[in-house]
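Coordinate analysis (summary)
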Amino acid sequence: MTRGYLIRRLLAIFLVLAIVTFAVFAITTVLPGNAAIMILGEYATPDAVAALERQLNLDQPWYMQYFNWVAGILRGDLGMSLRLSLPVSQVVGEAFLNSALLGATALVAVTVIAIPLGALAALKRGTAVDLAIGLFSYLGTALPEFVTATLLLVFLAAPNSGIFPAGGFVAPWGNIGGFAYHVALPAFTLGLILLAHISRQVRSEMAEVLSSDYIRAARLKGLTERRVIRRHALPNSLAPAVAVISLDIGYLLGGIIVVEEIFAWPGLGRLLMYALENRDLPVIQAVTLLLAGVYALSNLISDIVIAMLDPRVRYA
Amino acid sequence: MTTFMISRRTVVMGMAATAMLPGISLAQSATPKPGGILKISHSTRIATLNVLNCSGPAEYPVVDMIYSGLTRMGPDNKPMADLAERWEASADAKTFTYFLRKGITFHDGSPCTADDIVATFQAILNPDVPAAARAVLNMIDTIEAVDATTVRFNLKTPFADLPISTAHANARILSKAALSGPREKLDTTANGTGPFKLETYDSARMVRLVKNENYYIKGKPYLDGVEMHLFPDLAAESANFLNGAMDVMLTVQQADFERITAANGITAKRIPSGRFVNVTMRQDQKPFDDVRVRKALAMSVDRGLLVDIVLEGLGRPAYDNLVSPEFQYAIEAPEIAYDPEGAKKLLAEAGYPDGIKVTLVASNRPAIRAQVAVALKEMAKPAGFDIEVETMSHDTYLANVWMKGNFYMGYWGMQATEDATFKLLLTSDASYEDTAWKNAEFDKLIADARSTTDSEKRRELYAKAQELQLKDTPYIVPIFEDILTASGKGAEDWTIAPLSRYYYVENVWLNKA
Amino acid sequence: MRDFFSSPTAVVGTTLLVIVLTAALFGPWIAPYDPQAFHPIARLQGPSAAHWLGTDQFGRDLLSRILHGAPATVAFGVFATALGVGVGSVIGVIAGVSGGWVDSTIMRILDGLLAVPDLLFTLLIVTMLGGGMEHALLAVAVAFTPGMARIARSAVLSVRTRDYVRAAIARGESGFYIVSCEVLPNALSPIVVEATIRVSFAIMIGATLGFLGLGAQPPSTEWGLMVAEARQFMFRNPWCVAIPGLSIAMAALGFNLFGDALRDALDPRRSH
């Protein structure tokens, strides 16, 4: 891993983000309708729409709008939300923090549960335990988030008998219990698919490692089974798990859109849906930029972690 | 099609509803207790606090709490005093004088005077300002401040309903200072004269209002504050209301109404309203240029069944009159029976013996549009209408179909007056005239009724106009939808006006030990 | 391949797939009712002799709607994947075979597109196209293209240096012959495996778009839309949410298991 490699990767990320924002912008402006029409809705009159378009600078040609937007970005100004009349940085910043809390909770919980689960399945290969874990993880991958979330709402958050709140958000600062109580169902929904992925990946890698020559050699050396697993098998199965986790961040970023909508979580996913419905271009741009950026960075970080975990991997 | 013959059930359910209504007045007999925070749940975002152009279902209660108008619409659908304690009209209905209460202040402590009233109405009439109330106030010529507490409106044409127009939910009074400042500030800040002051505005989660100690009615509001909580998912919203986390559920879905009514301690309310779904048929092109085709479609709608399955019985069948029985001058529209056989004959007479194939467009928001469209498709099938329903996202609908298409689903809230309703959709110069019906005789009747102050004469003119409308069927109006809301244990005197934009939260109080 | 059915994964996967595909191919003919017909006296009912899976809010027969929705739902997944795989493979093969600057240019662009998460990418495209089933299909296909191109490219690269390809080059065969007769058939299996698994994702994304109101539109019987429409009534009749939800899970699971079993059978190194 050289500095040149890192710089090239980072440059590539910037290039990608530039292409993505331009594409989003160009296509959105070609579409019929705009934020002014959406804001005024069916009570819009032509003069009110015209007045609002002037106020929002939507009467300028699209390339001027894009130019202004890019110039703003370079000054560190993401512009104003067309629909919410607040600075985009504020709207998106708050949402990002909330999404990050949800995503991180899901990811940490999943990692802590999935890796031992996968390892267990690999060690107990062919037994009922393995089968149960396999079945659970297959079901997890086959249920879309909106189905899981709906079923959870019916069974765990129904009025009167409900164990968990049916959505809503409590900030963790000063009320960590309330946060945990509210984050449980959305995090579980998000985590289910990842749980399946990661535990399966760990299981198959571990199974492969366990049957490899050097584990056999380690056993022959007379090391205890515990030591073989803890010192040799597990670490060697982790690199691919990290790769899967970083790929799964992609799922996570998609998954928050549905989960936040259903559980009333004030994060980026819900903000994006809202901005898309209302043609709030500056917000769409900022959210896309942020999500793509997070994804690209997580890929980069995972490559670095893999290189550190697995000495065979080299990047030039 | 015997499956559609169960309309009788509607009648029974309708009666059950009227029997339920007196329950509301019981609560009002108790003496209100001051204090407490009322938590209201809603499912659509409060995207702006700008009273001039807000239109969201959850934005109206907020501006109703923060701001006051010159006048305000009462639960009886009549204008009542608000900032103006009384008003006078000249005999020709061209000059109106409003007399303000004395000593009113804005939330920031500055006095509210005639100058602020003049500035507000001038802003509404300014074509550079996006203002939703302009359409009902565009007959105003000049506004003058006679003295600090007297305002005079001089009209271009006579208009007897001005006190109703000044009560428009988007015509609340802003301060002159706020209006001359940057206009974007109106979206996120608010300085009104209403019973509550803005404390926190977080459109993604919660809007919090606190009591205005200097509200012009002494002793009101009773509540210390109000919180508006956003739940975009309806299932999550109803669960939070039922488990007591919320005191009021702003809008109850028809599907949930029975379940919520049955829950312990909950007062669910149906408020009959003139809110309707309508089928727009463009009449400057085939096939809807022929009144027989429109009549045939009207006969192919089982209105009772629609009330049953789309509204869950929580509404009333309508018979193509845009004006519901709540209106002062409404006439009783004759019932149109579901008669696919007759419709088929009428279609053949109009030159379509093999029926008509046509695409009906419905926006996916709110869901009721697509539901009615899908039901219509099934009901009109035996009459020879081969309807293909095309549902699309609301933004695409607004941009491509609304006001342009030849056959689509409309959905409108109740207007304050007959005049506002007809000027919205039916007169040649209506704001959203989307049928190309254009009837000069109808236009004249509406114009005459506008300038008449004599109530009996107006009744006659509006009756004629409605009959003309029923004779020609410019729209199919199959159902009137009730407004549904609910309050939980201890939340007393919560209500919504039939016009749905007025809430009277200053009267609400919490009866909690 | 012979002992394909010895693994439980393959048996379960194939069974589910047969059920789902039968429904998709013959569903509309075996459905007992018109899926759009109202039965106002039998609204929101649980399973009964007349309606085996119950009815929805309009009294429409759920079994008939599921059977009619099967082609829409499954075909959506299959066609979206086929389109994405087709285009992606062509791009990948071109990159892999050409090498040099063509390869590196294509790969940079693909890396760019891969930087946007699947569902987000689909969502952006479909909103821009204006929603609806066809647009959703196109969006899923576009979203799948870069990933498939990558897989196709690496499959081609692994084959390119094999002896039989070298021999063909030595024989002086034309480039087209080498690609179509030597490289492609041997690079096909990873592509097919990946494609099978992706069908299950496509079905889930399609259903999710239907749920968000951006895919299929009423009165369609697409399963995701059925869940979305029935959610309002889920406390009154949980069947009308559970049945389409589980149908989606069954279809996705079928393709997923079948794909996994296929991979194990085709690539013995990874079997476990």
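Taking an unreviewed UniProt entry as the reference, chain B is identified by name as Peptide/nickel transport system substrate-binding protein belonging to Neorhizobium huautlense. As stated in UniProt under Subcellular location (unreviewed entry), the record for chain B gives "Periplasm". Quoted verbatim from the Sequence similarities (unreviewed entry) field of the UniProt record, the comment on chain B reads "Belongs to the bacterial solute-binding protein 5 family."

An unreviewed UniProt entry lists chain A under the name Peptide/nickel transport system permease protein, with Neorhizobium huautlense as the source organism. Regarding chain A, the relevant UniProt record gives this comment under Subcellular location (unreviewed entry): "Cell membrane". Chain A has a UniProt comment under Sequence similarities (unreviewed entry) that states "Belongs to the binding-protein-dependent transport system permease family."

**A look at the overall build of chain A**
In terms of regular secondary structure, chain A is built from 12 helices and zero strands. Along its sequence from the N terminus, chain A presents helices and strands in the succession α-α-α-α-α-α-α-α-α-α-α-α. Its C-alpha atoms put chain A at 85 × 60 × 35 Å along the principal axes. In chain A, which comprises 316 residues, the proportion classed as buried is 47%.

**Re the overall build of chain B**
Looking only at helices and strands, one finds 18 helices and 19 strands in chain B. Within the span of chain B, comprising 513 residues, buried residues form 56% of the whole. The contacts in chain B between residues at least 6 apart in sequence include a share of 71% that link residues at least 24 apart.

**Notes on the UniProt feature "transmembrane region" (unreviewed entry) in chain A**
Residue and element names in this part refer to chain A. Within this structure's numbering, the places UniProt gives as "transmembrane region" (unreviewed entry) are residues 100-123, 135-158, 178-196, 237-263 and 283-309. Its end C-alpha atoms 34 Å apart, residues 100-123 is made of 100% helix and 0% strand. Each end of residues 237-263 is marked by a C-alpha atom, and these two atoms are 35 Å apart; helix forms 96% of the span and strand 0%.

**Digging into the interface of chain A and chain B**
Interfaces are often sized by the amount of accessible area the parts lose when they come together. At the junction of the two partners, chain A supplies 40 residues and chain B supplies 35 residues. Those elements that provide at least two residues to the side of chain A that touches chain B are α2 (35-40), α3 (46-55), α5 (88-123), α10 (225-262) and α11 (268-277) of chain A.

**So, the pairing of strand β8 (residues 196-202) of chain B**
All names here are of chain B. Where β8 meets strand β9 (residues 206-211), six bridges bridge the pair, whose relative direction is antiparallel. Residue pairing in the sheet places Tyr201 in a bridge with Val207 of β9. Counting the residues between successive antiparallel strands, the hairpin from β8 to β9 contains three residues.

**What about the pairing of β9(B)?**
With five bridges joining them, β9(B) and strand β10 (residues 225-230) of chain B adopt antiparallel strand pairing. The residue bridging B:Leu209 from the neighbouring strand is B:Val226, located in β10(B).

**Some thoughts on the nonpolar core**
By size, the foremost hydrophobic cluster in this structure holds 352 residues, and its most contacted members are A:Val92, A:Leu271, A:Val287, B:Leu360, C:Val140 and C:Ile203. Lining this core are residues from two domains, each supplying at least three of them: domain 1 (50-185) and domain 2 (272-482) of chain B.

**What about the UniProt feature "domain: Solute-binding protein family" (unreviewed entry) in chain B?**
The positions UniProt marks with the feature "domain: Solute-binding protein family" (unreviewed entry) are residues 79-422 of chain B. Taken as a whole, residues 79-422 of chain B contains 29% helix and 26% strand, while its terminal C-alpha atoms sit 19 Å from one another.

**Section: the environment of B:Ala486**
Residues and elements named next belong to chain B. Assignment of secondary structure puts Ala486 in strand β17 (residues 475-487). On the neighbour-count criterion, Ala486 (27 C-beta atoms within 10 Å) is buried. Separated by 239 residues in sequence, Ala486 and Asp247 place their C-alpha atoms 8.6 Å apart. Residues in contact with Ala486, not counting those within four places in the same chain, are Phe241, Met249, Val252, Ile260, Ile266, Thr267, Ala268 and Lys269.

**Things to note about the interface of chain C and chain A**
Facing the 31 residues of chain C at the interface are 33 residues of chain A. Within the residue set of the side of chain C that touches chain A, elements represented by two or more residues are α3 (100-114), α4 (118-129), α7 (175-211) and α9 (239-266) of chain C. For the side of chain C that touches chain A, the leading source of residues is α9(C), giving eight residues. Classifying every residue of the side of chain C that touches chain A by side-chain character gives 20 nonpolar, seven polar and four charged.

**What about the packing of α7(C) against α9(C)?**
Residues and elements named next belong to chain C. Between α7 and α9, whose axes approach to 9 Å, the crossing angle comes to 170 degrees. By the angle between their axes, α7 is roughly antiparallel relative to α9. By crossing handedness, the relation of α7 to α9 is classed as left-handed. In this structure, α7 contributes Ser189, Val193, Thr196, Ile197, Val199, Ser200, Ile203, Met204 and Ala207 to the contact, and α9 contributes Ile248, Ala251, Ala252, Phe255, Asn256, Phe258, Gly259, Leu262, Arg263 and Leu266. Class assignment of the residues belonging to the contact of α7 with α9 gives a composition of 13 nonpolar, five polar and one charged.

**Notes on helix α8 (residues 176-210) of chain A**
Residue and element names in this part refer to chain A. Here α8 contains 35 residues, and its C-alpha end-to-end distance of 41 Å is more than 12% below the 51 Å for a straight helix at 1.5 Å per residue. Ala184 marks the point of greatest bend in α8, at about 45 degrees, and the proline Pro186 comes within the next four residues. Among the 35 residues of α8, 25 are classified as buried, and the element is accordingly described as predominantly covered.

**Details of the packing of helix α2 (residues 62-98) of chain C against α7(C)**
Residue and element names in this part refer to chain C. Running from amino to carboxyl end, α2 crosses α7 at an angle of 145 degrees, the nearest separation of the two axes being 8 Å. Regarding α2 and α7, the two cross each other, and that crossing is right-handed. Residues Thr73, Val74, Phe76, Gly77, Val78, Ala80, Thr81, Val85, Ser89, Val93 and Val97 of α2 form the contact with α7, whose participating residues are Val179, Val183, Ile191, Ala195, Arg198, Val199, Ala202, Ile203, Gly206 and Ala207. When grouped by side-chain class, the residues that make up the contact of α2 with α7 number 15 nonpolar, five polar and one charged.

**Considerations on the sheet that holds strand β7 (residues 150-155) of chain B**
Residue and element names in this part refer to chain B. If you walk across this open sheet you meet the four strands as β4-β5-β7-β6, and the pairing is antiparallel. The outermost strands of the open sheet, each flanked by one partner alone, are β4 (84-89) and β6 (140-147). Neighbour to neighbour, the strand axes of the sheet diverge by 20 degrees on average, direction disregarded. Two strands pair when backbone bridges link them, and strand β5 (residues 95-100) and β7 are joined in this way by five bridges, in the antiparallel orientation. Bridging across to β7, Thr95 finds its partner in Asn154. Packing of helix α4 (residues 114-125) onto the sheet brings it into contact with β5, β6 and β7, and relative to β6 it is tilted by some 170 degrees.

**A look at the domain arrangement of chain B**
All names here are of chain B. Each domain of chain B was delimited in the assignment, giving domain 1 (50-185) and domain 2 (272-482). Here domain 1 and domain 2 have C-alpha centroids that lie 32 Å from each other. Of the residues lining the interface, 11 residues belong to domain 1; the matching set on domain 2 comes to 10 residues. Of the residues contributing to the side of domain 1 that touches domain 2, the split by class is eight nonpolar, two polar and one charged.

**Some remarks on the confidence of the model for chain B**
Of all residues in chain B, 94% have pLDDT values of 70 or greater, and the mean over the chain is 90. In this model residues 1-27 of chain B is a low-confidence stretch, pLDDT under 50, and it forms 27 contacts with partners more than four residues away in sequence or in other chains.

**A word on helix α1 (residues 8-30) of chain C**
All names here are of chain C. The sharpest bend along α1 comes to roughly 50 degrees, located at Ala24, with the proline Pro28 sitting one to four residues further on. Those residues of α1 that sit buried are Thr9, Gly13, Leu16, Leu17, Val20, Ala23, Ala24 and Gly27. Buried residues in α1 make contact with α2 and α9.

**Let's talk about the confidence of the model for chain A**
Within chain A, residue pLDDT values average 81, and 93% of them lie at 70 or more. The weakest mean pLDDT in chain A belongs to α2(A) at 76; the strongest belongs to α5(A) at 89.

Conventions adopted
- Residues numbered from 1 in each chain as written.
- Chains lettered and ligands numbered in written order.
- Predicted model: local features only at pLDDT ≥ 70, side-chain atom pairs only at ≥ 80, totals over all residues.
- UniProt positions renumbered as here; feature names shortened; annotations may be inferred.
- Helix = DSSP H or I, 4+ residues; strand = E, 2+ residues; numbered from the N terminus.
- Buried ≥ 20, exposed ≤ 12 C-beta atoms within 10 Å, placed from the backbone.
- Contact = placed C-beta atoms within 7 Å.
- Pairing = 2+ DSSP bridges.
- Core = buried A, V, L, I, M, F, W, Y, C linked by C-beta atoms within 7 Å.
- Domains from an automatic or database assignment.
- Nonpolar A, V, L, I, M, F, W, Y, C, P; charged D, E, K, R; others polar.
- Axes fitted to C-alpha atoms, helices over the stretch in contact; angles between N-to-C directions.
- Parallel < 35°, antiparallel > 145°, perpendicular 65-115°, else oblique.
- Left-handed = near helix turned anticlockwise from the far one by under 90°.
- Expected span 1.5 Å × (residues − 1).
- Bend = angle between axes of the 7 residues up to and from the residue.
- pLDDT = per-residue confidence, 0-100.

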